[in-house]
Amino acid sequence: PLLSEKITLISSALSESIPETLYEAEIKDSYLCIFAEEEKQASKFLNSVHYASDSHVCITRASSLEEIAPAVIECVETFGGIDTLIFSSWQKAGSELFLDISFDDFAFYTGLINKFHLLCKCALPYMLGRDGAAIIVPVEENPPQNVARAAYRGAITAMAQAMSDEFEPLGIKIKICKFSL
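The rules we used
Residues numbered from 1 in each chain as written. Predicted model: local features only at pLDDT ≥ 70, side-chain atom pairs only at ≥ 80, totals over all residues. Heavy atoms only, no water. Axes fitted to C-alpha atoms, helices over the stretch in contact; angles between N-to-C directions. Helix = DSSP H or I, 4+ residues; strand = E, 2+ residues; numbered from the N terminus. Left-handed = near helix turned anticlockwise from the far one by under 90°. Contact = heavy atoms within 4.5 Å. Core = buried A, V, L, I, M, F, W, Y, C linked by side-chain atoms within 4.5 Å. Buried < 20%, exposed > 50% of the residue type's maximum accessible area, 1.4 Å probe, protein only. Pairing = 2+ DSSP bridges. Phe/Tyr/Trp six-rings, centres within 6.5 Å; stacked < 30°, edge-to-face > 60°. Polar contact = N/O pair within 3.5 Å; in protein donor to acceptor, adjacent residues only side chain to side chain. pLDDT = per-residue confidence, 0-100.

A word on the packing of helix α3 (residues 65–79) against helix α4 (residues 103–123)
Logical step 1: At a closest axis distance of 9 Å, the pairing of α3 and α4 adopts a crossing angle of 35°. Crossing angle aside, the handedness with which α3 passes α4 is right-handed. Every residue of α4 that contacts α3 at L65, I68, A69 and V72 is listed here: K115, L118, L119, C122 and A123.

Structural notes on the environment of T8
Logical step 1: Following the sequence through the fold, T8 ends up in strand β1 (residues 7–11).
Logical step 2: Residues T8 and I82, 74 residues apart in the sequence, show an inter-C-alpha distance of 6.1 Å.

Description of the nonpolar core
Logical step 1: Residues M127 and I135 are the most contacted members of the largest nonpolar core, which totals 34 residues.
Logical step 2: Mapped onto this core, the elements with two or more residues apiece are α3, β4 (84–87), α4, β5 (134–140) and α5 (147–167).
Logical step 3: Here this core takes 9 residues from α4, the largest share from any one element.
Logical step 4: Excluding residues that lie within four positions of it along the chain, I135 makes contacts with L85, F116, C120, L124, M127, M163, I172, K173, I174 and K175.

Considering the pairing of β4
On a regular strand, each side chain points to the face opposite its neighbour's, so the side chains alternate between the two faces of the sheet.
Logical step 1: Of the two faces of β4, both are covered, the one formed by T84 and I86 as well as the one formed by L85 and F87.
Logical step 2: Bridging between β4 and β5 involves 3 bridges; their strand directions are parallel. Following the sheet pairing, T84 is matched in β5 by A134.

Focus on the packing of aromatic side chains
Logical step 1: Counted under the stated rule, the structure contains 3 aromatic pairs.
Logical step 2: Here the aromatic rings of F87 and F116 are separated by 5.0 Å at their centres, their planes lie at 55°, and the arrangement is tilted. A residue pair is termed long-range when its members are at least 10 positions apart, and F87 in strand β4 and F116 in helix α4 qualify at 29 residues. In this structure, F87 and F116 share a single accessibility class: buried.
Logical step 3: Considering the side-chain rings of F108 and Y109, the 5.2 Å spacing of their centres and the 90° angle between planes classify their relative orientation as edge-to-face.
Logical step 4: Look at F108 and you get partly exposed, because its relative accessible area is 23%.

Digging into the side chain of R130
Logical step 1: Topologically, R130 is positioned in the loop between α4 and β5.
Logical step 2: Within the structure, R130 has its side chain in polar contact with the side chain of D83 (distance 2.9 Å).

Topic: the environment of L119
Logical step 1: Locating L119 in the fold gives a position in helix α4.
Logical step 2: Between the C-alpha atoms of L119 and I68, which are 51 residues apart in sequence, the distance is 6.3 Å.

Let's talk about the confidence of the model for the protein
Logical step 1: Overall, the predicted model of the protein reaches an average pLDDT of 76, with 62% of residues at or above 70.
Logical step 2: Mean pLDDT values for the elements of the protein range from 54 in helix α1 (residues 20–27) up to 91 in α5.

Structure follows, in structure tokens:
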């Protein structure tokens, strides 16, 4: 295990979903473990950032505990721990009017909250005791386009703030990174 190196786990890696400056500051020369839904998505991301050349790409939908837990354990077994977790959610387009939002579109956003919870629950034990451990949650600064996005933005921000109160005393920083699309 590479305990002396910086290990970054990224969920839903989409280079256009958060600013390049965040990637540059947080993952430069880091060993990466990427959760992406498809190889093409991970490749596009990897082509846009600087990272350690022998990084590990973990392809998983990472939407259930059965998918997330083995992928996190694989990352830990490969690298020895997790220093940074970036939860970069994909912002799905949808109708702007409340009555036009489908159940599936709304469920997509509530599913992101569940995914964040599961990913953090699996990764946090492997972040404890690591120097400078952090969970980074990019949050859209612009007003949400619809009620589903607004609900997601409010929930993920509230979760990150509550987690900060709980985990900062244990040495894990929870950072909300605001960005504009």
